[in-house]
Amino acid sequence: MPEIIIRNACAKDLDACIEIETNSFPPDEAASDESIRTRITTYPQGFLVAEKNGCILGQINSGATSKNDITDEAFKKLVGHDPAGTSMVIFSLSVLPRFRHQGVAAALMDRFIIKARDMGKQNVLLLCKEKLIPFYRRFGFEDGGLSASTHGGAAWHEMRLGL
Ligand SMILES: CC(C)(COP(=O)(O)OP(=O)(O)OC[C@H]1O[C@@H](n2cnc3c(N)ncnc32)[C@H](O)[C@@H]1OP(=O)(O)O)[C@@H](O)C(=O)NCCC(=O)NCCS
């Protein structure tokens, strides 16, 4: 049984990552194809994919900032992204539906946290829906309460992991 490989994304992964994104989020919440392209080309250090048998199963992508406010919609297109920023902000953690519940997201998150620590970052931040708070708590994230973000018309919790 081939192992799942977790590695940094590169340009050839773009189509697969777009497919995962559009299969994982409602249209109002999914990042545009252009945003995914920008994240891969601008900040591959913060973009990991899970690969098995040459197939991309899942992705985690991010930007970096020293700001505490992560609700800025333009930041999702990496406007204001600062590679030297003290926090990594996860935009999307997503896995192809048929490969879920097999630990792919956990493997991506584990590696992401290790890499963020190795890069000298102080925090990993993200916004999530209430139902996923227990999932992120497993990695040490703390719930900072409801965010001002209304992205996609949904309610979001601010999650923070101190490294
Ligand atoms: C959330 C997601 C990334 C998890 O991927 P995964 O590879 O299945 O995750 P893992 O196998 O590592 O862990 C699964 C666990 O996460 C939790 N979980 C996953 N989806 C959940 C949901 N919708 N509601 C509550 N808990 C959930 C459960 O504890 C689950 O355990 P189980 O497999 O025993 O049911 C995947 O379901 C997905 O892509 N969802 C759509 C995109 C999304 O919502 N991403 C999160 C953005 S904040």
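Structural notes, computed from the coordinates.

Rules behind the numbers
- Residues numbered from 1 in each chain as written.
- Predicted model: local features only at pLDDT ≥ 70, side-chain atom pairs only at ≥ 80, totals over all residues.
- Axes fitted to C-alpha atoms, helices over the stretch in contact; angles between N-to-C directions.
- Helix = DSSP H or I, 4+ residues; strand = E, 2+ residues; numbered from the N terminus.
- Parallel < 35°, antiparallel > 145°, perpendicular 65-115°, else oblique.
- Left-handed = near helix turned anticlockwise from the far one by under 90°.
- Contact = placed C-beta atoms within 7 Å.
- Nonpolar A, V, L, I, M, F, W, Y, C, P; charged D, E, K, R; others polar.
- Pairing = 2+ DSSP bridges.
- Buried ≥ 20, exposed ≤ 12 C-beta atoms within 10 Å, placed from the backbone.
- Right-handed = clockwise from strand over helix to strand, strands pointing away.
- Near = placed C-beta within 6 Å.
- Core = buried A, V, L, I, M, F, W, Y, C linked by C-beta atoms within 7 Å.

Comments concerning the packing of helix α1 (residues 14–24) against helix α2 (residues 33–42)
Right, so step 1: Viewed as axis vectors pointing N to C, α1 and α2 meet at an angle of 130°, and their least axial separation amounts to 10 Å. With respect to their mutual orientation, α1 and α2 come out oblique. Between α1 and α2 lies a crossing of right-handed hand. Across from L14, C17, I18 and E21 in α1, the residues of α2 making contact are D33, I36, R37 and I40.
Right, so step 2: The residue makeup of the contact of α1 with α2, split by class, is 5 nonpolar, no polar and 3 charged.

Describing the sheet that holds strand β2 (residues 48–52)
Within a beta sheet, neighbouring strands are joined by backbone hydrogen bonds and run either parallel or antiparallel to one another.
Right, so step 1: One open sheet accounts for 7 strands, arranged β1-β2-β3-β4-β5-β7-β6; its pairing is mixed. The open sheet has two edge strands with one neighbour each: β1 (5–8) and β6 (142–146). When the angles between neighbouring strand axes are averaged without regard to direction, this sheet yields 25°.
Right, so step 2: Of the strands in this sheet, β1, β2, β3 (55–65), β4 (87–95), β5 (123–128) and β7 (157–162) touch helix α3 (residues 104–118), which is tilted by about 35° from β3.

Quick notes on the pairing of β4
Right, so step 1: Buried residues dominate β4, accounting for 9 of its 9 residues.
Right, so step 2: As paired strands, β3 and β4 are joined by 8 bridges and run antiparallel to one another. Within β4, the position partnered with S62 by the bridge is I90.
Right, so step 3: Sheet topology places β4 next to β5; 4 bridges connect them, and they run parallel. Counted as the bridge partner of V89 is L125 from β5.
Right, so step 4: For the handedness criterion, the β-α-β arrangement of β4, α3 and β5 is classed as right-handed.

Notes on the site of the ligand
Right, so step 1: Near the ligand, the surroundings consist of 16 residues, among which R100, H101, V104, A105 and A106 are the closest.
Right, so step 2: Of all the secondary structure elements, the ones that give two or more residues to the shell around the ligand are β4 and α3.
Right, so step 3: Its residues assigned to classes, the shell around the ligand comprises 9 nonpolar, 5 polar and 2 charged.

Some words on the nonpolar core
The nonpolar side chains of soluble globular proteins are, as a tendency, buried together.
Right, so step 1: In terms of nonpolar packing, the biggest core is built from 39 residues, with C17, L48, I90 and L108 touching the most fellow members.
Right, so step 2: Those elements that provide at least two residues to this core are α1, α2, β2, β3, β4, α3, β5 and β7.
Right, so step 3: Per element, the largest residue contribution to this core is 7 residues, and it comes from α3.
Right, so step 4: Contacts of L108, omitting those with residues within four sequence positions, involve I6, L48, A50, G58, I60 and L93.

Without other data, these values stay purely geometric and don't point to any function.
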